[in-house]
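The chain contents come next:
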Amino acid sequence: MTLTEKILARASGRPRVEPGDNVWVETDILLTHDVCGPGSIGVFKREFGQDAKVWDPAKIVIIPDHYIFTSDRLSNRNVDILRDFAKEQGLPYFYDVIDDPNGSWKFNTEAGQIKRQYGARYQGVCHAALPKLGHARPGEVLFGTDSHTCMAGAFGEFASGIGNTDAGFILGTGKLLVKVPETMRFYLEGEMPPGVMAKDVILWVIGDIGFDGATYRAMQWEGPGVNSLDMDDRMTIANMAIEAGGKNGIFPADKATHTYVSERTNLNGTKTDYNPVELDKDQKLIFDKVYDLSKLEPTVAMHPNPGNRALAKELEKVKLDRAYIGSCTGGKASDFVAFAKVVRGRHVKIDTYGVPATSDVVQELKATRWDTQSVWDVLVDAGVTMTENASCAACLGGPPDTFARLNAPLTCISATNRNFPGRMGSKEAKVYLASPYTVAASALTGHVTDPREFLS
Amino acid sequence: MAKVITSPVYVVGDNIDTDQIIPAQYLTLVPTIPEEYKKLGSYAMVGLPDELYPTRFMAEGSTEAEYKIVIAGKNFGCGSSREHAPIALGAAGVEAVVAESYARIFFRNSVATGELYPYESRERLIDICRTGDIATLDFDTDTLTVGNQTFSLKPIGDVRPVIEAGGIFNYARQSGMIPSKA
Ligand code: SF4
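Residue numbering note: each chain is counted from 1, following its sequence as written. The lettering of chains begins at A and the numbering of ligands begins at 1, in the order of writing. Totals for whole chains, interfaces and linings use all residues, but because this is a predicted model, local features are given only for residues with pLDDT of at least 70 and pairs of side-chain atoms are given and counted only at 80 or more. Calculation of side-chain values draws on the structure's entire complement of heavy atoms; hydrogens and water are dropped beforehand.

1. A few points about the sheet that holds strand S10 (residues 287-292) of chain A
Residues and elements named next belong to chain A. The line we're drawing: A pair of strands is labelled paired if DSSP reports no fewer than 2 bridges between them. Counting from the N terminus, the helices are DSSP H or I runs at least four residues long and the strands are E runs at least two residues long. For helices, the axis comes from a line fit to the C-alpha atoms of the stretch in contact; other axes are also lines fit to C-alpha atoms, and the angle between any two N-to-C directions lies between 0 and 180 degrees. The contact criterion used is simple: two residues touch if any of their non-hydrogen atoms lie within 4.5 Å.
Pairing is parallel in the open sheet, where four strands are placed in the order S9-S8-S7-S10. Looking along the sheet, the strands with just one partner apiece sit at the ends: strand S9 (248-250) and S10. Adjacent strand axes in the sheet meet at a mean angle of 20° when their direction is disregarded. As paired elements, strand S8 (residues 218-222) and S9 share three bridges and run parallel to each other. Within S9, the position partnered with Met219 by the bridge is Gly249. Packing of helix H1 (residues 3-11) onto the sheet brings it into contact with strand S7 (183-189), S8 and S9, and relative to S9 it is tilted by some 110°. Contacting S7, S8 and S10, helix H6 (residues 198-209) runs over the sheet at an angle of about 140° to S10.

2. Observations regarding the domain arrangement of chain A
Residue and element names in this part refer to chain A. Note the cut-off: Domain borders in the structure are assigned automatically or taken from a domain database. By definition, the buried area sums, over both parts, the 1.4 Å-probe accessible area that each loses when the two are put together. Salt bridges are counted wherever a side-chain nitrogen of Lys or Arg sits within 4 Å of a carboxyl oxygen of Asp or Glu. Throughout this description, a polar contact denotes any pair of N or O atoms lying within 3.5 Å of each other; where both atoms belong to protein, one of them has to be capable of donating a hydrogen while the other can accept it, and for residues adjacent in sequence the pair is counted only when both atoms sit in side chains. Classification used: nonpolar for Ala, Val, Leu, Ile, Met, Phe, Trp, Tyr, Cys and Pro, charged for Asp, Glu, Lys and Arg, polar for all others including Gly.
Partitioning chain A into domains gives domain 1 (1-296) and domain 2 (299-454). Taken together, the contact between domain 1 and domain 2 spans 45 residues of the former and 46 residues of the latter. The junction of domain 1 with domain 2 conceals about 3,900 Å² of combined surface from both sides, 56% of it contributed by carbon and sulfur atoms. Across the domain 1-domain 2 interface, the total number found is four salt bridges. Across the salt bridge formed by Arg309 and Asp208, the nearest N and O atoms sit 4.0 Å from each other. The interface formed by domain 1 and domain 2 holds 27 residue pairs in polar contact (both at pLDDT 80 or more) in total. Element by element, the count of residues in the side of domain 1 that touches domain 2 is highest for H6, at seven residues. Residue composition of the side of domain 1 that touches domain 2, grouped by class: 19 nonpolar, 16 polar and 10 charged.

3. Concerning the side chain of A:Ser327
All names here are of chain A. Positionally, Ser327 belongs in helix H10 (residues 327-330). Within the structure, the side chain of Ser327 is placed 3.3 Å from the backbone nitrogen of Thr329, a separation counted as a polar contact. Setting aside residues no more than four positions away along its own chain, Ser327 makes contact with Lys332, Val355, Ala357, Cys395, Ala415 and Thr416.

4. Topic: the packing of helix H2 (residues 37-48) of chain A against helix H5 (residues 164-173) of chain A
All names here are of chain A. So the rule is basically this: Here the angle decides the label: under 35 degrees means roughly parallel, over 145 means roughly antiparallel, 65 to 115 means roughly perpendicular, and every other value means oblique. By convention, the crossing between two helices is left-handed when the near helix turns anticlockwise from the far helix through less than a right angle, and right-handed when the turn is clockwise.
The interhelical angle for the contact between H2 and H5, taken along N-to-C directions, is 55°, at an axis separation of 8 Å. Here H2 lies oblique to H5, going by the angle between them. Taken as a pair, H2 and H5 cross one another with a handedness that is right-handed. The residues of H5 that touch H2, namely those facing Gly39, Ser40, Ile41, Val43, Phe44 and Phe48, are Asn164, Thr165, Ala167, Gly168, Phe169, Leu171, Gly172 and Thr173. Tallied by class, residues from the contact of H2 with H5 come to seven nonpolar, seven polar and no charged.

5. With respect to the packing of aromatic side chains
Selection rule: Ring pairs shown here join Phe, Tyr and Trp side chains whose ring centres sit within 6.5 Å, with only the six-membered ring taken for Trp; geometry is labelled stacked below 30 degrees between planes, edge-to-face above 60, and tilted in between. Using a 1.4 Å probe on the protein chains alone, a residue whose accessible area is under 20% of its type maximum counts as buried, one over 50% counts as exposed, and one in between counts as partly exposed.
Inspection of every chain in the model, using the stated rule, returns 28 aromatic pairs over all chains. The interplanar angle of 40° and the centroid separation of 5.3 Å between the aromatic rings of A:Phe186 and A:Phe287 together place this pair among those described as tilted. A residue pair is termed long-range when its members are at least 10 positions apart, and A:Phe186 in strand S7 and A:Phe287 in strand S10 qualify at 101 residues. For the ring pair A:Phe211 and A:Phe420, a centre distance of 5.8 Å and an interplane angle of 50° mean the geometry is tilted. Here the residue A:Phe211 occupies a position in the loop between H6 and S8, and A:Phe420 occupies one in the loop between strand S18 (411-414) and strand S19 (430-433), the gap between them amounting to 209 residues. As far as burial versus exposure is concerned, A:Phe211 and A:Phe420 are alike and both buried. By way of ring pairs, the aromatic residues A:Trp24, A:Phe44, A:Phe48, A:Phe85, A:Phe169 and B:Phe169 are connected into one cluster.

6. Observations regarding the pattern of salt bridges
Scanning the model with the defined rule gives 41 salt bridges over all chains in all. Between A:Arg83 and A:Asp80 there is a salt bridge; the shortest N-O distance is 2.7 Å. On the criterion of helical spacing, the pair formed by A:Arg83 and A:Asp80 is a turn pair, its members being three residues apart in helix H3 (residues 73-89). What makes A:Asp80 buried here is its relative accessible area of 16%. Of the charged contacts in the structure, one is a salt bridge between B:Asp127 and B:Arg124, with a shortest N-O distance of 3.3 Å. With relative accessibility at 58%, the residue B:Asp127 sits in the exposed group. Through salt bridges that share partners, A:Glu297, A:Lys313, A:Asp450 and A:Arg452 make up one connected network.

Right under this line is the structure:
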């Protein structure tokens, strides 16, 4: 069996499963956020009753992250709905925006978008925060009310996005009926050359199979090339399984995985034991292809979809109005460090915005020093408008006052993961997806730019 | 649930993603709150670019679309996992989508909520039908008739009883998976 089949077989209490089988699986973790949490809670209450109790409070993780730093009334209210539910159900893993468990959240417009407006428990983008908080473990089943839940497949677990109704069902029962997907294998060899990042790997692959090329399927990453990818790299790749239509993306757990997971579970006091699945020799695959990482070049997904691939060096004619770095896939500390390497001592030519994925990315960038300067200050000095308010921000547009939202038909290069029309705001805007290196180099020149010329 | 529906159709292209079906700024609306459910419906498909779709899905100022059937190309509903997408269509009065293929989560959410029937076509109907054409969808024969042409659709199969029951909760109750509502 493949990794996905092995996990689903175990979670459904069967010796084996085949692609196409419909099985009821036990959920290890249910993740939700401020956009889909209130609706999922609504479904749960409607169906199980106003006084119903969730199936297991310790298995529910609620991370508000989408529409937080906005004056939109309903958005602020939605965070309060989450808080009330967490209190009522005694949920230990609700990472509130504010510290007062009896308070209510209101964004302070006057204080502005740049300075930190959250309390001690607030995290930021749920998929980046979840593993850091010790909620991702190899061999487990994670469902989340967000399509990029697949990011946790980096840790060798089955992780997949679902809707509110399914989430409401899980809240009451802990179970979900799933169809076992067929598995596609992406076998990686070699190492990424200088100037190439994990983002280039996944953009290349999606361009290869098409952005519906993995619909209903599991994307399994294997091979010696995987060893050269750190956990951040694997997260970037697993994150975008959904951009190829995939049900999940999955990496086998190795030493790097176990080290990360044990450190993080211990740190936050979450469950430390888990039971990983190992690779079988004999796997039934619907697709099997070898990719040589050393052959890859900086890659871009052009407007209007993530499968619309070109090389950065082919797009030098594309003029840009804006650059953006942030999101679950592109707002990690390592992404900002890569970006800073390119812009250090230089100055951006177009409006450039940076939104750290999580609150600890903010801290880390401020604490990491290059000579006398912090990485944060390197970015600010280069002209990047950085906000301390970690969140999804303009990655998905959001309410009109969202930080860095494309409120006009601009052309933007972005380290995020999705570029359908209207994704970052205006439906006339054009978004190009690229690695933090490529976004940085392009910010310096004002057109799409191969970053290698700035890295030598 | 009617076994036959007749309605004007609304035709869209390939890769209509959830941002076009319901733009992210309206996700602040919570579908289980009745007024907000209705509101969601009024924004259905507003993300479609104006120049490609001069005939708008929702007539100015109305909350219900005149189209009960949407005809689409490949990969309908790709992008985010937002259940607001099938819900917005359902709330706007859509009963079925007939697409060449679907993104996985949209299909699943349509079934789980029971909001609409996600039919798959065998032909590329978006090249044959035009917005405003009157079509008849027959659920028992799995066919769509437009003018004098009848197209056989892929049978909706094992998900039909779930949608007919009104979504996974009712279905799970009927099959004894969860206890019936008090
Ligand atoms: S950062 Fe963007 S892609 Fe990631 S969870 Fe937030 S909105 Fe979704």
